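Per-entry structural report
Chain by chain, the residues:
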Amino acid sequence: MLKKFETKSARVKGISFHAKRPWVLASLHNGVIQLWDYRMCTLLEKFDEHDGPVRGICFHIQQPLFVSGGDDYKIKVWNYKQRRCLFTLLGHLDYIRTTFFHHEYPWILSASDDQTIRIWNWQSRQCISVLTGHNHYVMCAQFHPTEDLLVSASLDQSVRVWDFSGLRKKSVAPGPAGLTEHLRNPQATDLFGQADAVVKHVLEGHDRGVNWACFHPTLPLIASAADDRQVKLWRMNDSKAWEVDTCRGHYNNVSCVLFHAKHELIISNSEDLYIRVWDMSKRTLLQSFRREHERYWVLTSHPTLNLFAAGHDGGMVLFKLQRERPAYAVHNNMLFYIKNRHLRKLDMLTNRDAPVMHLSKGGGRQQPYSMSLNHAEWCVLVTWRNGENCSYELYAAPRDHSGAVPEGTEPARGQATTAIWVARNRFAALEKNNQLVIRNLKNEVSKKISTPTCEEIMYAGTGMLLLREADSVQLLDVQQKRTIASVKVSKCRYAIWNTDMSIVALLGKHTVTLCTKKLEQLCCITEGARVKSGAFDDSTPQPVFIYTTANHIKYCCKDGDYGIIRTLDVPVYAVRVLSTETGARVVCLDRECRPKVLNIDPTEYRFKLALVTRQYDQVLHMVRTAKLVGQSIIAYLQEKGYPEVALHFVKDSRTRLSLALQCGNIEVALEAAKSLDEPAAWDQLAKAALTTGNHQIVEMCYQRTKNFDKLSFLYLVTGNLEKLRKMMKIAEIRKDTSAQFQGALLLGDVGERIRLLRNSGQLSLAYLTAINHKQVEEAEQLKAALESAGMPVPEANPDAVFLRPPLPIQRNQPNWPLLAVSKSFFEVAGQARAAAEGSGSAVAAALDEPLEAAGAWGDDDVLPDHKEEGEEEIMEDACEDGGWDVGDEDLELPEELAPVSADMGAAEDSEQYFVAPTRGASAPLAARLRTAHDHVATGQFEAAMRLLNEQVGIVNFAPYESVFAEMFAHARVTFGALPSLPALTAYLHRNWKEATGKDLLPVITLKLSDLVSQLQQSYQLTTAGRFPEAIERLQGVAQRVPLLLVDSKAELSEAQQLLAVCRDYLVGLAMETARKAMPKNTVDEQKRTCEMAAYFTHCKLQPVHQILTLRTALNMFFKLKNYRTAASFARRLLELGPRPEVAQQARKILQACEKTPTDEHQLLYDEHNPFSVCGISYKPIYRGKPEEKCSLCAASFMPEHKGKLCPVCGVAEIGKDALGLRICPLQFNR
């Protein structure tokens, strides 16, 4: 057992794996449901609403739902995205043992101690069937993976198999096959109806109550576990079921049992503290795993991965039965790996995969643990580990790679934990007694080395070995039998060397340590997820280690820099990195031993290495050409002291300000501060500008922040008395007497100071100021004022000294001599390049900046570059304009609701004489034209129309007249020949370089990108409500798709997707136009318009347009008082994330609808039953009902419209048998 994850909690009674995410649910005996991320080993969420133990738990395979059942008789359905319980299903009268979702139908299966099994529809939230027949507690009930069967286990000592095909036929709409069968055998209908579920088999054989029963994923087998300590295997067919055999070995009640999905194994667990693994074919015990004290209660497996989980008294454990890491070895560009007991080789340059030889069955069922290749003697060592039994096999591989091994030759075998080549004719084997044995090619012992603390040996070059100990790794010289070096690395699992054996990466469970060949540690990285494998990229100036974790491909440089390159869906094992100038590929093996090649972008770590190794020319090149973005690269450049480089990547003004201040670029900092316009930004800029002597920018900063005190002092030290006097005037306006007095003091204005003191009531100070500055008149006036007020007159100080500021030598001076800042390599290079390009190359310089990522094809936010200030974005807020009438003006909501350049002429000029061309044959028409595009481009209109009729059923060619003429004109060029002669016409060819004569093909005259741009224009017309124009544009796009010519399957798929988008929009917009033109006088007319609005919400539109359709339908249904359906529209609208005001109104409507969740009028609309809309009658065609489709756009129609002209695309016939779209040459190579 390989434990992957373990939790400690109360007793675990139920476990369920998520089908795609690394999540597992555990339902506990104390009523709590835990959601764990087993890859990151973290608890994500707790759900605690059950009263009592929760025994049943199950994830839905597609929807963000899970279901739980507990001892409180309740079944709860939860949404893990919303982190809440959606609803509760009531009906059981006793404890609920298990709950399971059906893999296809919207059903929940529950088993209970009330001796019943119930099937619930979680969409309608109703119980649709109750299965009775057991006469004791029903401990388990599960659906069959593919058939209409379910199996139940009960304490009445029986296992029952039920057939619920009758319930399916009654509850689920029949598919095309079911409808055909019904029409073929109409007499098969039961007069009295068919029972929902009937007992098909009763399996009796256990002596005590049965705790669990399950189906085999593919075979007609059933396994059951019971309190009689036995696991029984049953086989069934259509008529009967019988016991195959019994697996005996448990010492107590067997709690749970299941089949292994990929191997012939049965796994069971029991209250005897054991998990046991049985051979399904031999029914013998293979392995047993025991816990110390905790009893096991439940067992489950992952739907797709080789992963199991078992719940016990103290929590749960996730485990694998065997190791999934493939055994492989690499030599030069050849990858050798073992798959299905075959040694195979892969040429990583050509991707040629071929078998080398077949291996013996020495390892039993287990996969080989590892392999070591001796390329000199062409020998292979394969190591097997099966529990405590460890062995190795020595094979001599055929040199001709024929895969044939001489008969009667068996591999040399031996007992050892690991076997690795250490020389051309020697290999080392680590035996169980921790003794290292050196053997020759004949498997004979040549030397023994005592290694008492060694746990594992790893390759370290010729004559060298790495010995793994508990907390360190030792480098052993095999010849001298002594340790050369060591490094402290705990629990190292793998050692990976670069090409020249200068650096080794030591991989632990969660660590990556890079060391030199003498085991000097360079760096160490700790990962949250498990480290799987790695390989070195030796194409860089310094080797870079590319390694994989459970969910990422990452890189690590020898100086400790690391980062993420890309994410992974499933773990892979990297074996080699193949680098080019433009990119890199990682060759890897997956867990199925399938070779894969993953493309990675090495730009980030190459950029970092270029900085570290001071290759600034490469840095500059990558800055200008590569797409380096992200906060991590900016933080890295800041940390390493390259803020001027980081400025090239940053768009955020706050970050640009910080970087510009770090590198002393005041101009860039000024631009950033202007865009921010915050006091803190201006203060930072002022400090930086003052240190460099740029007082003009300091002045502007103080003005922006209205820092008048600092501004006055700045004017004083710069000698700008005129502005200092203005500051005094500003202080007077601001009524800031203190600042005004200070200004007068700095200016030496005595009269102003006297006036300020008098006005402030400080007569004594005013008198002293006047008398000391010899202002006699003012002094006499102030003396009289003091005497009249009865205040004492102060005496003047005879030793007083005038307080006058010195006069400035230079007034209005420019910036001070600026602080010298040395220019970096990048600034010098940028200036040199600008000088070389000249002063008029502003456009070219703009193009050197890193470009923003362009919008995707379906991006509906494409807007004109220039828009007026305050103009709202079309795609989001234009819903209030044009033809969109969402109808929310007259909504009556309850008042009380809760708040919610290339030079081409040089060669031609060198030839000064004329050579008459030889007469050539005109070849406008190629003999191998296959597509309609090529026929139109060469003028063969009749053949093109015949092809279009056969391929996509086009019958109306009137719209194609101008299109054909335009394409034919684009495929030709007209040029003048000799004087007085008419112009000549020549055909343009797309394959003129590699073909001649009749093999020439016309140039492409209609491109997919042109149609995509027209579709985006249609999006804008749709948003603006200009439906007629949008319909005309969309029809033109749909009609031109059959005239395209694409080269790849990806472009073909995009063209088909383009056609499907046009169809959905055309049907929806035509239906909406018809709805608006309909009268709305009677109730029936209003009901019909509401139905059409509801159908419009099911057209596959862009989210922006989907929001508009849902708003329209929501308002109409609310006015019609169909509150239940209106609530559904409100929920769908909120899931799309509309603007806040729209979301607020939707929540209000939803609150009002939930108060009375009923529909007043019955409409022809079922949101839970999938349907398509007829393009003529605009009525729903539910899944399984007969329908006809347009041969071009695939729009759906009622059967009575067969043979008519399709109004959606306007050119094709409805229901016509056609070959299908043929626009790619690859389609003709089949």
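Rules used in this analysis
- Residues numbered from 1 in each chain as written.
- Predicted model: local features only at pLDDT ≥ 70, side-chain atom pairs only at ≥ 80, totals over all residues.
- Heavy atoms only, no water.
- Helix = DSSP H or I, 4+ residues; strand = E, 2+ residues; numbered from the N terminus.
- Buried < 20%, exposed > 50% of the residue type's maximum accessible area, 1.4 Å probe, protein only.
- Areas by Shrake-Rupley, 256 points an atom, 1.4 Å probe, with all protein chains shown as cover.
- Pairing = 2+ DSSP bridges.
- Axes fitted to C-alpha atoms, helices over the stretch in contact; angles between N-to-C directions.
- UniProt positions renumbered as here; feature names shortened; annotations may be inferred.
- 1 Å grid on protein atoms, 1.4 Å probe; cavity = no way out; pocket = protein on both sides within 12 Å on 5 of 7 lines; lining within 4 Å.
- Points joined across faces, edges and corners; volume = space filled by probe spheres on them.
- Nonpolar A, V, L, I, M, F, W, Y, C, P; charged D, E, K, R; others polar.
- Phe/Tyr/Trp six-rings, centres within 6.5 Å; stacked < 30°, edge-to-face > 60°.
- Lys NZ or Arg CZ within 6 Å of the ring centre and 35° of its normal.
- Polar contact = N/O pair within 3.5 Å; in protein donor to acceptor, adjacent residues only side chain to side chain.
- Contact = heavy atoms within 4.5 Å.
- Disulfide = S-S within 2.5 Å.
- Parallel < 35°, antiparallel > 145°, perpendicular 65-115°, else oblique.
- Left-handed = near helix turned anticlockwise from the far one by under 90°.
- Expected span 1.5 Å × (residues − 1).
- Arc of directions from axis to C-beta.

What to know about the overall build of the protein chain
Within the protein chain, the regular secondary structure consists of 30 helices and 61 strands. Burial status across the protein chain gives 48% buried among its 1230 residues. Per element, the accessible surface of the protein chain, about 61,700 Å² overall, is 50% carbon and sulfur.

Comments concerning the sheet that holds strand β45 (residues 494-497)
Within the open sheet, the four strands sit side by side as β45-β46-β47-β48. Their pairing is antiparallel. Edge positions in the sheet fall to β45 and β48 (521-526), since each has one partner strand and no second. Each adjacent strand pair in this sheet contributes to an overall mean axis angle of 20°, direction not counted. The sheet contact formed by β45 and strand β46 (residues 503-507) spans four bridges and is antiparallel. Within β46, the residue paired with tyrosine 494 across the bridge is leucine 507.

Remarks on the sheet that holds strand β49 (residues 531-537)
Across the sheet, four strands lie side by side as β49-β50-β51-β52; this open sheet has antiparallel pairing. A strand with exactly one partner marks an edge of an open sheet, and here the two such strands are β49 and β52 (562-567). The average angle at which neighbouring strand axes cross in this sheet is 25°, direction not considered. With four bridges connecting them, strand β50 (residues 544-549) and strand β51 (residues 552-556) associate as antiparallel partners. Within β51, the residue paired with isoleucine 546 across the bridge is tyrosine 555.

With respect to the pairing of β49
Of all seven residues in β49, seven are buried, a share of seventy percent or more. Sheet topology places β49 next to β50; six bridges connect them, and they run antiparallel. Along β50, the bridge assignment pairs serine 533 with threonine 548. Connecting β49 to the next strand, β50, in antiparallel fashion are six residues.

A word on unusual backbone geometry
Positioned with a positive phi, arginine 283 is a non-glycine residue whose angle comes to about 55°. Here arginine 283 is to be found in the loop between β24 (274-279) and β25 (285-290). In this structure arginine 283 comes out as partly exposed when scored by relative accessible area, which is 24%. Although it is not a glycine, lysine 735 sits at a positive phi angle of roughly 60°.

With respect to the UniProt feature "repeat: WD" (unreviewed entry) in the protein chain
UniProt annotation of "repeat: WD" (unreviewed entry) refers to residues 47-88, 89-130, 131-165, 203-244 and 247-288 when read in the numbering used here. Annotation note: span residues 131-165, helix share 3%, strand share 57%, distance between end C-alpha atoms 13 Å.

Digging into empty space enclosed by the protein
Reported here for the largest cavity is a volume of approximately 100 Å³. Taken together, Phe708, Asp709, Ser712, Leu724, Met727, Met728, Ala731, Arg734, Ala739, Gln742, Gly743 and Leu746 form the lining of the largest cavity. For the lining of the largest cavity, a count of residues per class yields seven nonpolar, three polar and two charged.

Focus on the packing of aromatic side chains
Centre-to-centre distance and the angle between the planes together describe a pair of aromatic rings. Counting across every chain of the model gives 33 aromatic pairs. Relative to tyrosine 1165, the ring of tyrosine 1095 has its centre 6.4 Å away and its plane inclined at 55°; by these criteria the two rings are tilted. In this pair, tyrosine 1095 is assigned in helix α27 (residues 1083-1096) and tyrosine 1165 in the loop between α30 (1140-1155) and β58 (1171-1173), connecting sequence segments 70 residues apart. The pair tyrosine 1095 / tyrosine 1165 is uniform in exposure class, with both members buried. Over the ring of tyrosine 369 we find arginine 385, and its NZ or CZ is 3.8 Å from the ring centre.

Structural notes on the side chain of aspartate 148
Among the structural elements, aspartate 148 can be located in the loop between β14 (138-143) and β15 (149-154). According to the relative accessible area criterion, aspartate 148 is buried, its value standing at 18%. Within polar-contact distance, the side chain of aspartate 148 engages the side chain of arginine 168 at 2.4 Å. In this structure, aspartate 148 is in contact with Tyr105, Trp162, Asp163, Phe164, Ser165 and Arg168, ignoring residues within four places of it in sequence.

A closer look at the state of the cysteines
If you walk through the whole model with that rule in mind, you get zero disulfides. With no disulfide of its own, cysteine 1174 lies closest to cysteine 1206 among cysteine sulfurs, the gap being 10.0 Å.

Section: the packing of helix α29 (residues 1123-1135) against α30
Across the interface, α29 lies against α30 with an axial gap of 9 Å and an inter-helix angle of 150°. Between α29 and α30, the interaxial angle falls into the category roughly antiparallel. For α29 against α30, the interelement crossing comes out left-handed. Facing α29, whose interface residues are Tyr1123, Ala1126, Ala1127, Ala1130, Arg1131, Leu1133 and Leu1134, α30 presents Val1142, Ala1143, Ala1146, Arg1147, Leu1150, Cys1153 and Glu1154. Of the residues belonging to the contact of α29 with α30, the class tally is 11 nonpolar, no polar and three charged.

A short note on helix α16 (residues 776-788)
When the terminal C-alpha atoms of α16 are compared, their 18 Å separation across 13 residues agrees well with the 18 Å that a helix rising 1.5 Å per residue should span. For α16, the full list of buried residues reads Ala779, Leu782 and Leu786. All buried residues of α16 fall inside an arc of 70° around its axis, so they share one side. Exposed residues pointing more than 90 degrees away from the buried face of α16 are listed as Glu777, Glu780, Glu787 and Ser788. Turning to α16, the residues buried within the fold contact α14 (750-759) and α15 (763-772). Looking one or two places after α16, you find glycine 790, whose phi comes out positive at around 75°.

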